[in-house]
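# Working through the structure, step by step
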Amino acid sequence: MIGTLPKSLIVNGSERAINCDWVTCYNIMAMLQDPNFEEYEKSYGMLDLLFVGGVNSFAEEELPEATEQAVAFLDGSFHRSACQDESTKKNESTKLIDWKQDESLIMSAIISAIGHDIRNDPDMHWWTFLSFFTEIPATSTLSFIISIREKVFKGKKPEAYEKDFIKKNKHLIYFNIQKELTAEEKQAREDLKNLIGI
């Protein structure tokens, strides 16, 4: 049905409730890009945060399907065409946005685009957030920065005014490098390893 916002996903033939609010999903997206986490930590963390009951509510053999469903939901791709050419897939693989580093730019652009501060609506559905996100205008600071990143990361020559912006705003253009984990973060990692038996 047009306009349906799912609040559950089907895993192993059963309907499983999810935390579909934009705040939870945004934090998951930021975690998935965090270089401080190993891939298994990202996968388990995604399932633990998204599904009501967490990762431990699944049998081990259900985890691959749960992961596939979670990724499709977070990507908003349930209604997206399955037919994508190779150039589209290649372009999508280039990281041009960092959910954590660009958070203030993203919020500012969405608020400007829709005239509403979504931070006052933490229960908004993730897909509603994605709809607002796609409406960010090309004239926004975020769009300008993304266009510069695309040129820089692909080795294309920026225009003179773009070079000037890069010199003054390197912290906005380039992604932060991996940081040293705090003692608390290291302990959390060890706790996770013990939880999943690694």
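Quick summary incoming for the structure in this document. Residue positions are given per chain, counting from 1 as you read along its sequence in written order. Given that this is a predicted model, residues contribute local features only at a pLDDT of at least 70 and side-chain atom pairs are listed and counted only at 80 or more, while totals for whole chains, interfaces and linings are drawn from all residues. Only hydrogens and water are set aside; all other atoms, that is, all heavy atoms of the structure, feed into the side-chain values.

This part is about the overall build of the protein. Helix numbers and strand numbers start at the N terminus; a helix is a DSSP run of H or I with at least 4 residues, a strand a run of E with at least 2. Tallying secondary structure elements over the protein gives ten helices and two strands in all. The secondary structure elements of the protein, listed N-terminal to C-terminal, are β-β-α-α-α-α-α-α-α-α-α-α. We call two residues in contact whenever any of their non-hydrogen atoms come within 4.5 Å of each other. By sequence separation, contacts in the protein at least 24 residues apart represent 61% of the contacts at least 6 residues apart. In these tables, accessible area is a Shrake-Rupley quantity obtained with a 1.4 Å probe, and a residue counts as shielded only by the protein chains included in the view. Counting only carbon and sulfur atoms, one obtains 52% of the accessible surface of the protein, whose full area is about 12200 Å².

Here a pair means two rings of Phe, Tyr or Trp (six-membered ring of Trp) with centres within 6.5 Å. Their orientation is stacked below 30 degrees between planes, edge-to-face above 60, and tilted elsewhere. A complete count under the given rule lists 14 aromatic pairs for this structure. Judged by centre distance (5.9 Å) and plane angle (90 degrees), the rings of Y26 and F129 are edge-to-face. With Y26 in helix α1 (residues 22-33) and F129 in helix α6 (residues 126-134), this pair connects stretches of sequence that are 103 residues apart. With a relative accessible area of 4%, Y26 lands in the buried category. Only protein chains enter the accessibility calculation, which uses a 1.4 Å probe; a residue is then buried when its area is under 20% of its type maximum, exposed when over 50%, and partly exposed in between.

Salt bridge, as used here, is a side-chain nitrogen of Lys or Arg placed within 4 Å of a carboxyl oxygen of Asp or Glu. A full pass over the atoms with the stated rule returns eight salt bridges. E62 is paired through a salt bridge with R16; the nearest N and O atoms lie 4.0 Å apart. Placement of E62 in the loop between α2 (39-50) and α3 (63-75) and of R16 in strand β2 (residues 14-17) is noted, with a sequence separation of 46 residues between them. Note that E162 is salt-bridged to K151, the shortest N-O span being 3.0 Å. With E162 in helix α8 (residues 160-168) and K151 in helix α7 (residues 141-153), this pair connects stretches of sequence that are eleven residues apart.

Two faces make up the sheet, and in a regular strand the side chains alternate between them. In strand β1 (residues 8-11), alternate side chains face the same way, and those of L9 and V11 are buried while those of S8 and I10 on the opposite face are not. Bridge analysis of β1 against β2 gives four bridges, and the strand direction is antiparallel. By the bridge assignment, V11 is partnered in β2 with S14. Strand pairing follows a simple DSSP-based rule, namely that at least 2 bridges must link the two strands. Connecting β1 to the next strand, β2, in antiparallel fashion are two residues, including N12 with a positive phi near 55 degrees.

Time to look at α7. For α7, with 13 residues, the first-to-last C-alpha span of 18 Å sits near the 18 Å given by 1.5 Å per residue. When α7 is considered as a whole, its buried residues turn out to be L142, I145, I148 and R149. Buried residues along α7 cover an arc of 125 degrees about the axis, so they all sit on one side. Backbone geometry just after α7 places G155 at a positive phi near 75 degrees. Residue count minus one, scaled by 1.5 Å, sets the expected span of a helix. The arc in question is the one traced by the directions running from the helix axis out to the C-beta atoms.

In this fold, L5 is placed in the segment before β1. Judged by relative accessible area, L5 falls into the partly exposed class, the value being 36%. Taking the C-alpha atoms as reference points, L5 and W126, 121 residues apart in sequence, are found 8.6 Å from one another. Leaving out residues up to four positions away in the same chain, L5 has contacts with H125, W127 and T128.

Right, let's get into the packing of helix α5 (residues 103-114) against α6. Direction vectors running N to C along α5 and α6 enclose 80 degrees, while the axes themselves pass 9 Å from each other. With respect to each other, α5 and α6 are oriented roughly perpendicular. Contacts between α5 and α6 involve I106, M107, I110 and I114 from the first element and F129, F132 and F133 from the second. Of the residues belonging to the contact of α5 with α6, the class tally is seven nonpolar, no polar and no charged. Under this scheme, a helix contributes an axis fitted over its contacting stretch, all axes are lines through C-alpha atoms, and angles between N-to-C directions fall in the 0 to 180 degree range. Note that the term roughly parallel is reserved for angles under 35 degrees, roughly antiparallel for angles over 145, roughly perpendicular for angles of 65 to 115, and oblique for everything else. Polar here means any residue outside two lists: the nonpolar Ala, Val, Leu, Ile, Met, Phe, Trp, Tyr, Cys and Pro, and the charged Asp, Glu, Lys and Arg; Gly therefore counts as polar.

Fair warning: the whole summary comes from geometry, so function is off the table for now.
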